[in-house]
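# Examining the three-dimensional arrangement
The lines below spell out each chain.
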Amino acid sequence: MARKSAKGASRAATDGRTKPGCAGCPALCCHDLVMPIPKPKDRADVEELKWDLQYDTVRVFITSHRWHRLIEGRCIYLTRRNLCRIYKDRPQRCRRHNPPDCEHYGEYWDVMLNTPEELEAYLDKEKRRRLARRRKR
Ligand code: SF4
Ligand code: SF4
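Residues numbered from 1 in each chain as written. Chains lettered and ligands numbered in written order. Predicted model: local features only at pLDDT ≥ 70, side-chain atom pairs only at ≥ 80, totals over all residues.

### Some remarks on the overall build of the chain
Counting its secondary structure elements, the chain contains 3 helices and 4 strands. Walking the chain from its N terminus toward its C terminus, one meets helices and strands in the order β-α-β-β-α-β-α. In the chain, buried positions account for 21% of the 137 residues. Counting only contacts in the chain whose residues sit at least 6 apart along the sequence, the fraction spanning at least 24 positions is 68%. (Helix = DSSP H or I, 4+ residues; strand = E, 2+ residues; numbered from the N terminus. Buried ≥ 20, exposed ≤ 12 C-beta atoms within 10 Å, placed from the backbone. Contact = placed C-beta atoms within 7 Å.)

Given below as structure tokens:
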């Protein structure tokens, strides 16, 4: 299992043959499960998220102010040659995922949080930013 490194996320629609932009990509988007999550609104939410981040296969990222949980893994329909075994019947979510709006073409997140400590540090920083903005008004 991959460790917490910068790697692909999200579900994809590719068999490496039918989408020109996918050529040469090891189906990064067929690895890792990504799900939208609500932004933590109170201490209880933060504690829940910290608990998730204790696992070395879990990360949280924020993109365009939207929060996501990422769980490292590999789709069971991805073959050893990184082809989709059920390409014709693949889920809608896989069909919607297209290059170049994907991990193969660069970072897709604004903030990546790997550990409970990084989450706390990020929230602290955001709190300080908000306070500084309020003081300026
Ligand atoms: S179903 Fe196919 S396209 Fe979708 S994530 Fe799995 S291998 Fe990729
Ligand atoms: S990550 Fe992008 S380039 Fe790679 S297979 Fe998925 S959609 Fe294609």
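The discussion continues.
### Overview of the site of ligand 2
Close to ligand 2 lie 16 residues, the nearest being Cys22, Cys25, Cys29, Cys102 and His104. Class assignment of the residues belonging to the shell around ligand 2 gives a composition of 8 nonpolar, 6 polar and 2 charged. (Near = placed C-beta within 6 Å. Nonpolar A, V, L, I, M, F, W, Y, C, P; charged D, E, K, R; others polar.)

### Section: the pairing of strand 3 (residues 66-71)
Residues in a regular strand project their side chains so that they alternate between the two faces of the sheet. Pairing of strand 1 (residues 33-37) with strand 3, which is carried by 5 bridges, proceeds in the antiparallel orientation. What sits directly across from valine 34, in strand 3, is leucine 70. Where strand 2 (residues 58-63) lies against strand 3, 6 bridges are found, and the strand directions are antiparallel. Counterpart to arginine 59 in the pairing with strand 3 is leucine 70. In sequence, strand 2 turns back onto strand 3 through a hairpin of 2 residues, with serine 64 there showing a positive phi of about 50°. (Pairing = 2+ DSSP bridges.)

### A few points about the sheet that holds strand 2
Pairing between sheet strands relies on hydrogen bonds along the backbone, with the strands arranged either parallel or antiparallel. Strand order in the open sheet made by the 4 strands is 1-3-2-4, with antiparallel pairing throughout. In this open sheet, the two edge strands, each paired with only one partner strand, are strand 1 and strand 4 (111-113). Along the sheet, successive strands turn relative to each other by an average axial angle of 25°, direction set aside. Where strand 2 and strand 4 come together, 3 bridges link them in antiparallel fashion. Considered in strand 4, the bridge of valine 60 is made with leucine 113. Helix 1 (residues 43-53) rests against strand 2, strand 3 and strand 4 of the sheet, and its axis sits at about 125° to strand 2. (Axes fitted to C-alpha atoms, helices over the stretch in contact; angles between N-to-C directions.)

### Concerning the confidence of the model for the chain
In the predicted model, the chain carries a mean pLDDT of 86, and the fraction of residues at 70 or more is 87%. Taken element by element, the chain is modelled with least confidence in helix 2 (residues 92-96), mean pLDDT 91, and with most confidence in helix 1, mean pLDDT 98. In the predicted structure, residues 1-17 sits below a pLDDT of 50 and forms 53 contacts with residues beyond four places in sequence or in another chain. (pLDDT = per-residue confidence, 0-100.)

### Re the packing of helix 1 against helix 3 (residues 116-136)
The N-to-C vectors of helix 1 and helix 3 enclose an angle of 145°; their axes lie 8 Å apart at closest approach. Contacts between helix 1 and helix 3 involve Val46, Leu49, Lys50 and Leu53 from the former and Pro116, Leu119 and Leu123 from the latter. Broken down by class, the residue content of the contact of helix 1 with helix 3 amounts to 6 nonpolar, no polar and 1 charged.

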